[in-house]
Amino acid sequence: MLIVSLFRLSSKNINRAITNHHFFQDPTMSEPIQNNVNEEPDFGKRPKAKSSRRTFLISAGVGVLVVGIGGKLGWEYLRKNVTAIAEKRAPSAKVPDEPFAWFTVNADNTIVFHVPKIEMGQGIHTSLAQIAADELDADWNTFHVVQADTAQGFDGGTQNTFGSVSVAALYAPIREASATVRETLRQAAARRLNTTAENIVAKNSVMALRTDATKRLTYGELVAGQQGKWTLAKNAPLKAAKDFTMIGKSIPRVDIRDKVTGRAIYGLDARLPNMLYGAVARAPRYGAKLKSAQAGEVATMKGVVKVVIENGFAGVVAERRSIARAAAALIQCEWEGGVTQSQDAFDALTHVPDDKNNAVAIQEHGSVGEHRAERDVIAQYKTSIAVHAHLEPQAALADVRIKGKIVEGITIFASTQTPSMVCSMVAEALGVDKEKIIVKPTYSGGGFGRRMGFDVGVEAALLSRAVGKPVHVGWTREEEMRYGFYRPPTHHVLRGNVGSDGKIATFEHEIASGDVLLSFASFAGGAVAGAVADAFGVDPGALVGALSEYDVPHLRVLSHRVKLPFLTASWRGLGLMPNVFARESFIDELAHSAKKDPMQFRLEHLPDTELGRRYRAALEQVKKMSAWNTPPEVGRARGVAFCLQAHTVAAQVAEVSVTDGRLKVHRVWAAVDPGMAVNPNGAIAQMQGAIVMGLSSIFHEKISFKNGIAEAKNFDDYPLLTLPQVPDITVELMTSSDVPHGMGEVGIGPIAAAVGNALFALTGKRMRELPFALEALA
């Protein structure tokens, strides 16, 4: 594998590349994930993570932008084929060599499963535990799940949680590790019972003699009785699907009891003895730098422990959070630079230009330019800036332990999607070795990409170092909306025509988008990193969902990178919803221009490939579910859209009405092919949640800037979808594989186009912006 480092974010190499995010995937290209878990463990050393296979790595803002491919390589080749390269890669993960790193088996026969992925409400702890317990033949009633911290031995890329790849990337490694532990215990039981491994049956954390079940040893007894190092079983066989007892079952969530009873610890809940509270002075405009600061009267305020002013940072440590926040606002600060423009300037920047010289063709075949015609249909679509609006704002508790003037160790509790990034950025900010830092991820009250940020962990660590005590920093909603990062705005221009045979002859989609991943390089990496990102010019995150699924002879998809003065980055689905909204709405326009049924029109343009057959099956299923060929109630209409993301195919039909100018989405049907579902109820919940989040963007979500700062401060200025607006959502899962694919984001892709297409069918008015211009319906 060739590994080319395109840029580093800083001279200190602040972070590793994130390894398991795959932005454009074709399941027909997948390779089996292989992991060596048969090496003898050394319990005296922390297990090392290793790469399991060829991997496509892109981390343009979190560390090193790395592209690993096994063949033709060149700068222009990478720019123009980043999408196609990624399509051929399946999710993978770096996992510990030592399979026992996943488990702690106690003498009382309880088993603790150390989960590297972060639980943000998506149910990942449950799904991964099901995989492990099933392959291990463990007793679910005594099988406990805990969040692994950064000292557990998992590579940072394995712990980082985003991109709908957690289950897909860890399905094989967890099964292999669990099978190795199971077979190692089986061999130990055989020795203890004076028989062969073939005569030992594993069930419910017990190894029993096949011919006499009374002769048995629990897993706990086997581990407690082990002397010296384990000799790991080699080539441990995996269960056949027919023998699964938990994989594929709707097992109740492992975290539900603690969350219902209030025992679950989120970032805002983290507490330590003698803990203090911190708050940070904020600029009056986005991106402004602190030029100077004076503590003034803040230093003598009751309850204030210390005012911290250093290296462009100003904050307060206090006995209570309310005191810290009030005091931080009173620090006398002078700011310089930052954003000064208002929304009109950003709208003008986010525009597909007439000049195509800087455009990058990410998908192209045939000759679009030579087959344009006067009858071309030309359309434009736009999406707005949005915030993540997760329930829990950013929060972290840092405990910086100092002896003399030397930092001996740092422990950080944080609601984060990227523990390794928090670790690296705290190390950078405090000038300490990463080996001295342990990040303990808490539950997160939603993530949606926002918890890729590291800011609050750094703030808490700086304040804790200043006072030598644990300090907790919890952002307010206003801070979250004004000083985080945003979903980028997009502009789409599409052009196409339908031939006399009723088939699409040409299709062109131009995408202008703010950054999703390259933005981290430009903002956090300095001039060199920003210059290389500019030269690369293609943001893979912004192009999720950009590839056309249709069989068209002359097709081209062009990317135009928009550089905005504020930070735009990951948001649920990355570019999926904007790109699918534009393309699937335009396909509807072509269908109507050809006087074709939109469902049938899509079916007639699918490729005759394995993936095309999956598209067809999902569309046919949702057609059946929604009774597409049966007219809806009077005053209602239906629309259809579909997409591919993280190897999963999702097709949706929405049924809508308009009464007194008010849009009502009555029903949404979704047919989803995730390969196979480890926890069907969990997969359905992910689809439902993604649809609701997409509907919120249809009805409400938009943030605008005025004089360099976001205007919205809270949910009174930034409304979300309400329960009365949530439609009846029916989801059916389809099985097409023996491995699971991603479910966290795919559902957000089709919903805007499905609703918009239904609205057009009902009213003849095409919705071309997110959120929809609903006033046009009055």
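Being a predicted model, the structure only gives us computed values, none of them experimental. (Residues numbered from 1 in each chain as written. Predicted model: local features only at pLDDT ≥ 70, side-chain atom pairs only at ≥ 80, totals over all residues. Heavy atoms only, no water.)

## So, the pattern of salt bridges
Where charged atoms of side chains with opposite charge meet at close range, the side chains can pair. Counting across every chain of the model gives 36 salt bridges. Here Glu 604 and Lys 596 are joined by a salt bridge, their closest N and O atoms 2.9 Å apart. Accessibility expressed as a relative area gives 28% for Glu 604, which makes it partly exposed. On the basis of relative accessibility, which here comes to 27%, the residue Lys 596 falls in the partly exposed class. Salt bridges sharing partners connect three or more residues here, namely Glu 135, Arg 175, Arg 182, Glu 183 and Arg 186. (Salt bridge = Lys/Arg side-chain N within 4 Å of Asp/Glu carboxyl O. Buried < 20%, exposed > 50% of the residue type's maximum accessible area, 1.4 Å probe, protein only.)

## Section: the confidence of the model for the protein
Averaged over the protein, the pLDDT score is 87; the fraction of residues at 70 or greater is 86%. Of the regions scoring below 50 in pLDDT, residues 1-73 engages in 244 contacts with residues more than four places distant in sequence or in other chains. (pLDDT = per-residue confidence, 0-100. Contact = heavy atoms within 4.5 Å.)

## Re the packing of helix α17 (residues 680-699) against helix α18 (residues 751-763)
The N-to-C vectors of α17 and α18 enclose an angle of 55°; their axes lie 9 Å apart at closest approach. By the angle class used here, α17 and α18 are oblique. Between α17 and α18 lies a crossing of right-handed hand. When α17 is examined against α18, the residues Ile 691, Gly 694, Leu 695 and Ile 698 are found in contact with a partner set consisting of Ile 751, Ala 752 and Val 755. Per-class residue counts for the contact of α17 with α18 are 6 nonpolar, 1 polar and no charged. (Axes fitted to C-alpha atoms, helices over the stretch in contact; angles between N-to-C directions. Helix = DSSP H or I, 4+ residues; strand = E, 2+ residues; numbered from the N terminus. Parallel < 35°, antiparallel > 145°, perpendicular 65-115°, else oblique. Left-handed = near helix turned anticlockwise from the far one by under 90°. Nonpolar A, V, L, I, M, F, W, Y, C, P; charged D, E, K, R; others polar.)

## Some points on helix α14 (residues 576-593)
The end-to-end C-alpha distance of α14 is 25 Å, a good match for the 26 Å that 18 residues give at a rise of 1.5 Å each. With respect to burial, α14 is a largely interior element, 16 of its 18 residues being buried. (Expected span 1.5 Å × (residues − 1).)

## Looking at the sheet that holds strand β26 (residues 648-659)
Consider a sheet: its strands pair through backbone hydrogen bonds, and that pairing is either parallel or antiparallel. Reading across the sheet, the 4 strands line up as β25-β26-β27-β30 and stay open at both edges, with mixed pairing between neighbours. For this open sheet the edge positions go to β25 (636-645) and β30 (728-733), each flanked by a neighbour on one side alone. Sheet twist, expressed as the average angle between the axes of neighbouring strands with direction ignored, equals 15°. As paired strands, β25 and β26 are joined by 10 bridges and run antiparallel to one another. Opposite Arg 636, over in β26, you have Ser 657 as the bridge partner. Contacting β26, β27 (662-673) and β30, α17 crosses the sheet at an angle of about 140° to β30. (Pairing = 2+ DSSP bridges.)

## Regarding the sheet that holds strand β5 (residues 103-105)
Taken in spatial order, the 3 strands make up an open sheet running β5-β6-β7, and their pairing is mixed. One side of each edge strand has no neighbouring strand; the edge strands of this open sheet are β5 and β7 (143-147). The sheet shows a mean angle of 20° between the axes of neighbouring strands, direction not considered. Strands β5, β6 (111-115) and β7 of the sheet are contacted by helix α2 (residues 124-136), whose axis makes an angle of about 135° with β7.

## Describing the nonpolar core
Formed by 115 residues in total, the largest nonpolar core has its most connected members in Leu 663, Val 755 and Phe 772. Beyond its immediate chain neighbours, meaning those up to four positions away, Val 755 contacts Ala 654, Val 656, Leu 663, Val 665, Leu 695, Ile 698 and Phe 772. Counting 44 residues, the second largest nonpolar core, distinct from the first, contains Trp 102, Phe 113, Ile 174 and Ile 200. (Core = buried A, V, L, I, M, F, W, Y, C linked by side-chain atoms within 4.5 Å.)

## As for unusual backbone geometry
Geometrically, the link from Leu 770 to Pro 771 is a cis peptide bond, its omega value of -5° lying close to zero. Mapped onto the secondary structure, Pro 771 falls in the segment after β31 (769-770). In this model, Asn 274 sits at a positive phi of 60°, which is unusual for a non-glycine residue. Its place among the elements puts Asn 274 in the loop between α6 (256-261) and β11 (276-280). The exposed category is assigned to Asn 274, whose relative accessible area is 62%. Positioned with a positive phi, Ala 646 is a non-glycine residue whose angle comes to about 55°. Take Ala 646: it is sitting in the loop between β25 and β26. With a relative accessible area of 6%, Ala 646 lands in the buried category.

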